[in-house]
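Commentary on secondary and tertiary structure
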Amino acid sequence: MGSEAALPKWASNPCIMGIDEAGRGPVLGPMVYGCLYCPCSYQQTLATLNFADSKTLKEEKREELFEDLKVNDSVGWAVDIIDPRELSAKMLNKNKINLNEISHDSAIGLITRVLNIGILLTEVYLDTVGDAEKYQAKLSQRFPSIKFVVSKKADSLYPVVSGASIVAKRSNFERMDI
């Protein structure tokens, strides 16, 4: 799922990515990480698209914005859906993996997927999961050529993360409808 099928013509330009999640810590549903990426030059336009933290938007508005994203040639997006059984298995396994580590792995996986399809990521913005400084250092060590901003309320502060929030929330909703 996502817009990873064809490499966009802007892929070799410096690009920005936002990552956010929906359903973190659910009892019955999946945890969904979504990312939105676009050329850095598209940031001002992105800010005019009326994204906001998906939790603050009505379902109809999220749906409208998600439909707009799906046909927008200036952005790409992807999701990582983590099944609740997988969450439980990792957290209850002999070698336990906590929810923060699972979250970090999902974000790293999305960054890796987008880099592997040929997108020139230069900046990535994420919500804090655990200690912000340690998380940012972990990401910077793994991807030294990318500038990372790990911030509380990133989904309210950065339009690219707000867009990722809509991708995650909408994808979680679609998954729950199946």
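Residues numbered from 1 in each chain as written. Predicted model: local features only at pLDDT ≥ 70, side-chain atom pairs only at ≥ 80, totals over all residues. Heavy atoms only, no water.

**What to know about the UniProt feature "binding site: a divalent metal cation" (unreviewed entry) in the protein chain**
Here is the rule: UniProt positions are given in the numbering used here, feature names are shortened, and annotations may be inferred rather than shown by experiment. Numbering of helices and strands starts at the N terminus; helices are DSSP runs of H or I of at least 4 residues and strands are runs of E of at least 2. Accessible area is worked out with a 1.4 Å probe on protein chains only. A residue is then buried under 20% of its type maximum, exposed over 50%, and partly exposed in between. Contact definition: two residues touch when any of their heavy atoms are within 4.5 Å.
Here the UniProt feature "binding site: a divalent metal cation" (unreviewed entry) sits at D20, E21 and D127. In terms of the greatest pairwise C-alpha distance, the residues named above, spread along 108 residues, form a tight cluster of at most 8.6 Å across. Take D20: it is sitting in strand β1 (residues 15–22). With a relative accessible area of 2%, D20 lands in the buried category. Not counting residues up to four positions away in its chain, the partners in contact with D20 are V32, Y33, G34, D127, D155, V161, A164, S165 and A168. Among the structural elements, D127 can be located in strand β4 (residues 121–127). Excluding its chain neighbours within four sequence positions, the residues that come into contact with D127 are I19, D20, Y135, V150, S151, K152, K153, A154 and D155.

**Remarks on the sheet that holds β1**
Formally: In this analysis, strands are considered paired if DSSP registers two or more bridges between them. The axes are straight lines fitted to the C-alpha atoms, using for helices just the contacting stretch, and the angles between their N-to-C directions are given from 0 to 180°.
Across the sheet, five strands lie side by side as β3-β2-β1-β4-β5; this open sheet has mixed pairing. Looking at strand neighbours, the two that pair on one side only are β3 (76–82) and β5 (147–151), the edges of this open sheet. Across the sheet, the mean angle separating the axes of adjacent strands is 15 degrees when strand polarity is ignored. Two elements, β4 and β5, share five bridges in a ladder whose sense is parallel. Of the residues in β5, the one forming a bridge with V124 is F148. Along the sheet, helix α4 (residues 99–116) contacts β1, β2 (31–39), β3, β4 and β5; its crossing angle with β2, the most-contacted strand, is approximately 35 degrees. Strands in contact with helix α5 (residues 132–142) are β4 and β5; relative to β5, the strand with the most contacts, it is inclined by about 160 degrees.

**Overview of helix α2 (residues 59–71)**
The line we're drawing: Multiplying 1.5 Å by the helix residue count minus one yields the expected span of that helix. Note that the arc is defined by the directions from the helix axis to the C-beta atoms.
In this model α2 runs 19 Å from its N-terminal to its C-terminal C-alpha over 13 residues, within 8% of the 18 Å that 1.5 Å per residue would give. Of all the residues in α2, the buried ones are R62, L65, F66 and L69. The arc that holds every buried residue of α2, seen down its axis, measures 100 degrees, which confines them to one face. Exposed residues pointing more than 90 degrees away from the buried face of α2 are listed as E60 and V71.

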